[in-house]
Amino acid sequence: QQQVKQSPQSLIVQKGGISIINCAYENTAFDYFPWYQQFPGKGPALLIAIRPDVSEKKEGRFTISFNKSAKQFSLHIMDSQPGDSATYFCAATRGSGGSNYKLTFGKGTLLTVNP
Amino acid sequence: EAGVVQSPRYKIIEKKQPVAFWCNPISGHNTLYWYRQNLGQGPELLIRYENEEAVDDSQLPKDRFSAERLKGVDSTLKIQPAELGDSAVYLCASSLGPAGAEQYFGPGTRLTVT
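Engineer: Mind laying out the overall build of chain B, listing which residues take part and the relevant values?
Structural biologist: Helices and strands together make up the secondary structure of chain B, namely 0 helices and 11 strands. Ordered by position in the sequence, the α and β elements of chain B form the string β-β-β-β-β-β-β-β-β-β-β. In terms of overall dimensions, chain B is globule-like: its C-alpha atoms have a radius of gyration of 13 Å, near the 13 Å expected for 114 residues. Expressed as a percentage of the 114 residues in chain B, the buried residues total 47%. For chain B, the proportion of contacts with a sequence separation of at least 24, taken over those separated by at least 6, is 53%. As displayed, chain B offers around 5600 Å² of accessible surface, 49% of which is attributable to carbon and sulfur atoms. Looking at chain B, you have 12 positive and 14 negative side-chain charges, and the mean spots of the two groups are 8 Å apart.

Below, the structure is given as structure tokens:
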């Protein structure tokens, strides 16, 4: 059972454009939603994360939008740059109050930003 | 601050051979995770340690996989015997204790079983 569904599988964006990656989750107990960026040959690196008490979080060019009722969240990369070309993973877990910190990952989105 | 260290970075072995991976977490991080990442997929948790205790090993194939974290710092993940389907990247991650959910990943060990 895939608890976090991510789309699209791949995305090509022109430099300066907006990249949008979407995720949907099933487990209503999830309360922590991080995004990870992974370059080839490297481990995933935490990019930005959100908790369901807010609907949006922005850090520089990266914004997470969160819709609790729809059980969906998305990553927006503004002014996309060739250096942003990487695989992006959304994830979800119970991050507070519980003993389970198992991250459930989406399948990833390969982002290519053309110069 | 040094990140999560893993070794070796790459390993090629024949099927039925044993293999071991080593991980040194970020200093002060009590929680350590081992993940497996298949090609084109997200990481999947194999085992989670809180200090020396394995608190979640439900996804670890115990017939051939084993792990240890004897002193609550470094950890070793072993496969014996390896199968073709074990080819993957094995990632180690660490985080602060139960109050912290942010997990920091090492570069991984790419295992190829021939």
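Engineer: Account for the interface of chain A and chain B, with residues named and values stated.
Structural biologist: Every contact between the two is made by 19 residues of chain A and, on the other side, 22 residues of chain B. Buried area between chain A and chain B, both sides added, is near 1600 Å², and the carbon and sulfur share of it is 51%. Taken together, the links from chain A to chain B amount to 0 salt bridges. Inspection of the chain A/chain B interface yields 3 residue pairs in polar contact (both at pLDDT 80 or more). Residue classes in the side of chain A that touches chain B are distributed as 8 nonpolar, 7 polar and 4 charged.

Engineer: Which residues make up the state of the cysteines, and what are the values?
Structural biologist: All names here are of chain A. The tally for this structure, following the rule as stated, stands at 2 disulfides over all chains. Shown here is the disulfide that connects C23 with C90, its sulfur atoms set 1.8 Å apart. With the S-S bond torsion at -95°, the cross-link from C23 to C90 turns out left-handed. You can see C23 sitting in strand β3 (residues 19-25) and its partner C90 sitting in strand β9 (residues 86-92), a full 67 residues away along the chain.

Engineer: So what's going on with the environment of Q6 of chain A? Which residues, and what values?
Structural biologist: Residue and element names in this part refer to chain A. Positionally, Q6 belongs in strand β1 (residues 4-7). Residue Q6 is classed as buried on the basis of its relative accessible area, which comes to 13%. Dropping the residues within four chain positions of it, Q6 is found in contact with I21, N22, C23, W35, Y88, F89, C90, G106, K107, G108 and T109. A distance of 3.1 Å separates the side chain of Q6 from the backbone nitrogen of G108, its partner in a polar contact.

Engineer: Run through the sheet that holds β1 of chain A, naming residues and quoting values.
Structural biologist: Residue and element names in this part refer to chain A. One open sheet holds the 5 strands; their spatial order is β1-β3-β8-β7-β6, and the pairing between them is antiparallel. Of all strands in the sheet, those bounded by a partner on one side alone are β1 and β6 (56-59). Averaged over all adjacent pairs, the angle separating strand axes in this sheet is 15°, with direction ignored. Pairing of β3 with strand β8 (residues 72-77), which is carried by 6 bridges, proceeds in the antiparallel orientation. Directly across from A24, in β8, lies its bridge partner Q72.

Reading the values: the criteria
- Residues numbered from 1 in each chain as written.
- Chains lettered and ligands numbered in written order.
- Predicted model: local features only at pLDDT ≥ 70, side-chain atom pairs only at ≥ 80, totals over all residues.
- Heavy atoms only, no water.
- Helix = DSSP H or I, 4+ residues; strand = E, 2+ residues; numbered from the N terminus.
- Rg over C-alpha atoms; globule rule 2.2 N^0.38 Å.
- Buried < 20%, exposed > 50% of the residue type's maximum accessible area, 1.4 Å probe, protein only.
- Contact = heavy atoms within 4.5 Å.
- Areas by Shrake-Rupley, 256 points an atom, 1.4 Å probe, with all protein chains shown as cover.
- Lys, Arg positive; Asp, Glu negative; His and termini not counted.
- Charge placed at Lys NZ, Arg CZ, Asp CG, Glu CD.
- Buried area = accessible area lost by both parts, 1.4 Å probe.
- Salt bridge = Lys/Arg side-chain N within 4 Å of Asp/Glu carboxyl O.
- Polar contact = N/O pair within 3.5 Å; in protein donor to acceptor, adjacent residues only side chain to side chain.
- Nonpolar A, V, L, I, M, F, W, Y, C, P; charged D, E, K, R; others polar.
- Disulfide = S-S within 2.5 Å.
- Pairing = 2+ DSSP bridges.
- Axes fitted to C-alpha atoms, helices over the stretch in contact; angles between N-to-C directions.

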